[in-house]
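Okay, here's what each chain looks like letter by letter:
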Amino acid sequence: MQTAIRILLVEDDDGLREALHDILSMGGYTVLDCADGAAALTRLEREPVQLILSDVRMAPMDGHTFLREAKQSHPQIPLLLMTAYGTIAQAVDALQHGAADYLVKPFDAQTLLDKVAQFAMP
């Protein structure tokens with residue numbers, strides 16, 4: 001059942017992207033990786049996904065900009081933002097612009113899998 005769920009992971013830190021990919025894969029999800037928001041937007045046009053997990057602090061396009069652009073063309077896909085530098089105001093702004101949730105790093109593997117399971121639908 002979870003094998004049908006494809007997650008687009010957007011993270012510019014190579015090591016963290018690999019670790020998150022491994023956690024999600026071990027959780028039974030198919031994971032598509034992108035290192036930045038622009039690449040992720042391109043990939044979204046070519047490949048269907050059921051969930052997006054994106055970092056906030058990225059260059060040249062930050063996660064909040066990516067959120068707004070992704071939601072314009074794919075409003076039905078839940079998008080979870082994650083950051084180590086979040087503020088309450090940023091979290092509220094993200095939720096108002098369509099983020100499904102806002103995860104504060106660091107988080108453990110089970111927290112990530114539980115949050116993903118909450119929003120990922122085949």
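Residues numbered from 1 in each chain as written. Predicted model: local features only at pLDDT ≥ 70, side-chain atom pairs only at ≥ 80, totals over all residues. Heavy atoms only, no water.

1. Digging into the overall build of the chain
Selection criterion: Runs of E in the DSSP output that reach at least two residues are strands. Runs of H or I that reach at least four are helices, and both are numbered from the N terminus. Restricting the calculation to C-alpha atoms gives the radius of gyration, and the globule rule supplies 2.2 Å times the number of residues raised to the power 0.38. Partly exposed describes any residue whose relative accessible area lies between the buried limit of under 20% and the exposed limit of over 50%, with all areas from a 1.4 Å probe on protein chains only and scaled to the type maximum. The contact rule is simple, with two residues in contact once any of their heavy atoms fall within 4.5 Å. Shrake-Rupley sampling with a 1.4 Å probe provides the accessible areas, and residues are treated as covered by the protein chains on show and by no other component. By the counting scheme adopted, Arg and Lys are positive, Glu and Asp are negative, and His together with the chain ends is not counted. Charge coordinates come from a single atom per side chain, which is NZ of Lys, CZ of Arg, CG of Asp or CD of Glu.
If you tally the helices and strands in the chain, you get 5 helices and 5 strands. The helix and strand sequence of the chain, counted from the amino end, reads β-α-β-α-β-α-β-α-β-α. In terms of overall dimensions, the chain is globule-like: its C-alpha atoms have a radius of gyration of 13 Å, near the 14 Å expected for 122 residues. In terms of overall dimensions, the chain has a C-alpha envelope of 35 × 30 × 25 Å along the principal axes. Buried residues in the chain amount to 45% of all 122 residues. Sequence-distant contacts in the chain: of pairs separated by 6 or more residues, those separated by 24 or more amount to 63%. Accessible area for the chain stands at about 6200 Å²; split by element, carbon and sulfur atoms hold 55% of it. With 9 positive and 17 negative side-chain charges, the chain shows a separation of 4 Å between the mean positions of the two kinds.

2. What about helix H5 (residues 109-119)?
Put simply, the rule is: The directions from the helix axis to the C-beta atoms are what the arc is built from. A 3.5 Å cut-off defines polar contacts: any pair of N or O atoms within that distance qualifies, except that in protein one atom must be a possible hydrogen donor and the other a possible acceptor, and neighbouring residues in sequence count only when both atoms are side-chain atoms.
If you check which residues of H5 are buried, you get Leu112, Leu113, Lys115, Val116 and Phe119. Down the axis of H5, the sector holding all buried residues measures 165 degrees, keeping them to one side. In this structure, the buried residues of H5 make contact with strand S1 (6-10), helix H1 (14-26), strand S3 (51-55), strand S4 (79-83) and strand S5 (101-104). Regarding H5, its N-cap is Asp108, as a side-chain oxygen of that residue lies 3.3 Å from the backbone nitrogen of Gln110 further along.

3. Observations regarding unusual backbone geometry
Omega for the bond connecting Ala59 with Pro60 falls within 30 degrees of zero, at 0 degrees, which places this linkage in the cis form. The residue Pro60 is located in the loop between S3 and helix H3 (63-73) in this model. That bond from Lys105 to Pro106 is cis: its omega, -5 degrees, falls within 30 degrees of zero. Note on placement: Pro106 falls in the loop between S5 and H5.

4. A short note on the confidence of the model for the chain
Convention followed: pLDDT is defined as a per-residue confidence score from the predictor, taking values between 0 and 100.
The predicted model of the chain has a mean per-residue pLDDT of 91, with 98% of residues at 70 or higher. Put simply, helix H4 (residues 88-96) is where the chain has its lowest mean pLDDT, 82, and S1 is where it has its highest, 98.

5. So, the side chain of Asp55
Tracing the backbone shows Asp55 in strand S3. Discounting chain neighbours no more than four positions away, the residues touching Asp55 are Val10, Glu11, Asp12, Gly63, Leu81, Met82, Thr83 and Lys105.

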